[in-house]
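# Descriptive analysis of the structure
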Amino acid sequence: MSIPLILWAPAWMVFGAFPWNHTTDSTSVEWANALTAARQSVLWTLGGLVALVGVVLSLYRNRREHLSVQLEQHRQFLDKDRQRLESDRHWTSRYTDAIGQLGDVKSVSVRLGGIYALERLASEAAVADRQTILDVLAAYLRESASMEHQKGHLPPPTEDEMSTDTAAVATVLARLTQSHENAGYWNINLHGVDLHGANLEGARLPSAHLDYANLEHANLRFAVLEDAGMHFVRLTDADLHNANCRGAHLPDAALSGASLGSADLSNAYLNRSDLSRSHLSHATLTGANLSGAIFDGAHLNGADLSQATGTTFEQLEAAEMWDESTRWPDGHTPSIPAKTGS
């Protein structure tokens, strides 16, 4: 139909509906020119219509493809949301089971299973949920390993069972605080907890609450205790080699015999602390408050006490060892350049 239309329409445009009935004085050349121009107009018009139809169809196809993509994205979003909800339900169920195990009053093995189950859950959890698990483990220690254990709900276990539970939770706490992107920002409350002999190597416990805690003989090598509250803490014979205790609050702390080699105690509050027999070789105590601290028998080889405050001549002279690399508080000159002990 398009071919007759192309042939008929130009003649109709030039001569009317019936070109064979048309009479004209125009020359055949003029008639041919007019017919050619008319045919070009028809072709242009038809070409424009075809192009317009093509554009409309292309827009329609693009719109359908866009809607299909949106529908697929929406479907994927719903699938992910369903998976997340299912994962949350599964996580919550596992968490509830682990808490039940942790509260078992009869079997240490069941409680250990709950402790390690919580560790696995924490490794999968978001920051807020991980903090919740850390709070639960810390609360368990305050309840079962505190100095006043008899006031808790759990029956007093045997010494072996208590040590097993305590050691497991301490180890898990150390791992969880140092193996996450939020490491160093956990809020841990271990007030009055008995963690003697616990392995807390590398634990990140800045600003932790450790007041009145018992950490005698504990392994705290490379631990981060920056700005921690440690009033009256017991660290007798503890290993704090290379520990970060910058700005820690340690007034009245028991640090007798503690290994503090290369530890950072700058700006720490050590007033009235017992540092007798402690090993402070190459430790940093710049700016520390040492008012009333006891240094009897301490090793100060290579220690940096510059800008420390509250010291007296007699207090520092009571140390057992120091050498020429020891840096003293401003205004203090030792009686001899080096002291190698008795």
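Residues numbered from 1 in each chain as written. Predicted model: local features only at pLDDT ≥ 70, side-chain atom pairs only at ≥ 80, totals over all residues. Heavy atoms only, no water.

### Re the overall build of the chain
The helix and strand tally for the chain stands at 6 helices and 0 strands. Counted from the first residue to the last, the chain has its helices and strands arranged as α-α-α-α-α-α. Looking at the chain as a whole, 40% of its 342 residues are labelled buried. Nonlocal contacts in the chain, meaning residues at least 24 apart in sequence, comprise 24% of its contacts between residues at least 6 apart. (Helix = DSSP H or I, 4+ residues; strand = E, 2+ residues; numbered from the N terminus. Buried < 20%, exposed > 50% of the residue type's maximum accessible area, 1.4 Å probe, protein only. Contact = heavy atoms within 4.5 Å.)

### Quick word on the packing of helix H3 (residues 108-124) against helix H4 (residues 127-144)
At their nearest, the axes of H3 and H4 sit 9 Å apart, and the two run at 155 degrees to each other. Judged by the inter-axis angle, H3 sits roughly antiparallel to H4. For the crossing formed where H3 meets H4, the hand is left-handed. Only Arg-130, Ile-133, Val-136, Leu-137 and Tyr-140 of H4 make contact with H3, whose side of the interface consists of Arg-111, Leu-118, Leu-121, Ala-122 and Ser-123. Broken down by class, the residue content of the contact of H3 with H4 amounts to 7 nonpolar, 1 polar and 2 charged. (Axes fitted to C-alpha atoms, helices over the stretch in contact; angles between N-to-C directions. Parallel < 35°, antiparallel > 145°, perpendicular 65-115°, else oblique. Left-handed = near helix turned anticlockwise from the far one by under 90°. Nonpolar A, V, L, I, M, F, W, Y, C, P; charged D, E, K, R; others polar.)

### Section: the nonpolar core
Counting residues in hydrophobic clusters, the biggest one holds 79 residues, and the most contacted among them are Leu-235 and Leu-240. At the level of elements, helix H2 (28-102), H3, H4 and helix H5 (159-178) are the ones that each hand at least two residues to this core. Excluding anything up to four places from it in sequence, Leu-235 contacts Leu-215, Glu-216, Leu-220, Met-230, Leu-240, Leu-250, Ala-254, Leu-255 and Ala-258. (Core = buried A, V, L, I, M, F, W, Y, C linked by side-chain atoms within 4.5 Å.)

### A look at H3
The first and last C-alpha atoms of H3 sit 25 Å apart over 17 residues, in line with the 24 Å expected at 1.5 Å per residue. Those residues of H3 that fall on the buried side of the exposure criterion are Val-108, Arg-111, Leu-112, Gly-114, Ile-115, Ala-117, Leu-118, Glu-119, Leu-121 and Ala-122. Capping the start of H3, Ser-107 holds a side-chain oxygen 3.3 Å from the backbone nitrogen of Ser-109, two or three residues further along. (Expected span 1.5 Å × (residues − 1). Polar contact = N/O pair within 3.5 Å; in protein donor to acceptor, adjacent residues only side chain to side chain.)

### Observations concerning the confidence of the model for the chain
Model confidence for the chain is summarised by a mean pLDDT of 83, while 82% of its residues fall at 70 or above. At the level of individual helices and strands, the chain shows its lowest average pLDDT in helix H1 (residues 2-15), which scores 53, and its highest in helix H6 (residues 313-317), which scores 94. Every residue in residues 149-162 is under pLDDT 50, and counting partners more than four places away or in other chains gives 18 contacts. (pLDDT = per-residue confidence, 0-100.)

### Concerning the side chain of Ser-276
Tracing the backbone shows Ser-276 in the loop between H5 and H6. The class of Ser-276 is buried, set by a relative accessible area of 12%. When neighbours within four sequence positions are excluded, Ser-276 is seen to be in contact with Leu-255, Ser-256, Gly-257, Ile-294, Phe-295 and Asp-296.

### Looking at the environment of Asp-239
Within the secondary structure layout, Asp-239 lies in the loop between H5 and H6. Separated by 23 residues in the primary sequence, Asp-239 and Glu-216 have C-alpha atoms spaced 8.9 Å apart. Other than its neighbours up to four places away in sequence, Asp-239 contacts Ala-218, Asn-219, Leu-220, Arg-221 and Ser-259. Within polar-contact distance, the side chain of Asp-239 engages the backbone nitrogen of His-241 at 3.1 Å.

### Focus: the pattern of salt bridges
For side chains of opposite charge, pairing can occur when their charged atoms come near one another. Taken as a whole and assessed by the stated rule, the structure comprises 9 salt bridges. Here Arg-175 makes a salt bridge to Glu-119, at a shortest N to O gap of 2.6 Å. Linking Arg-175 in helix H5 with Glu-119 in helix H3, this pair joins segments that are 56 residues apart in sequence. Take Glu-119: its relative accessible area is 15%, and that puts it in the buried class. Of the charged contacts, one joins Asp-304 and Arg-327 as a salt bridge, the two residues approaching to 3.5 Å between their closest N and O atoms. With Asp-304 in the loop between H5 and H6 and Arg-327 in the segment after H6, this residue pair connects regions lying 23 residues apart in the sequence. Residue class for Asp-304 comes out buried when judged on its relative accessible area of 14%. (Salt bridge = Lys/Arg side-chain N within 4 Å of Asp/Glu carboxyl O.)

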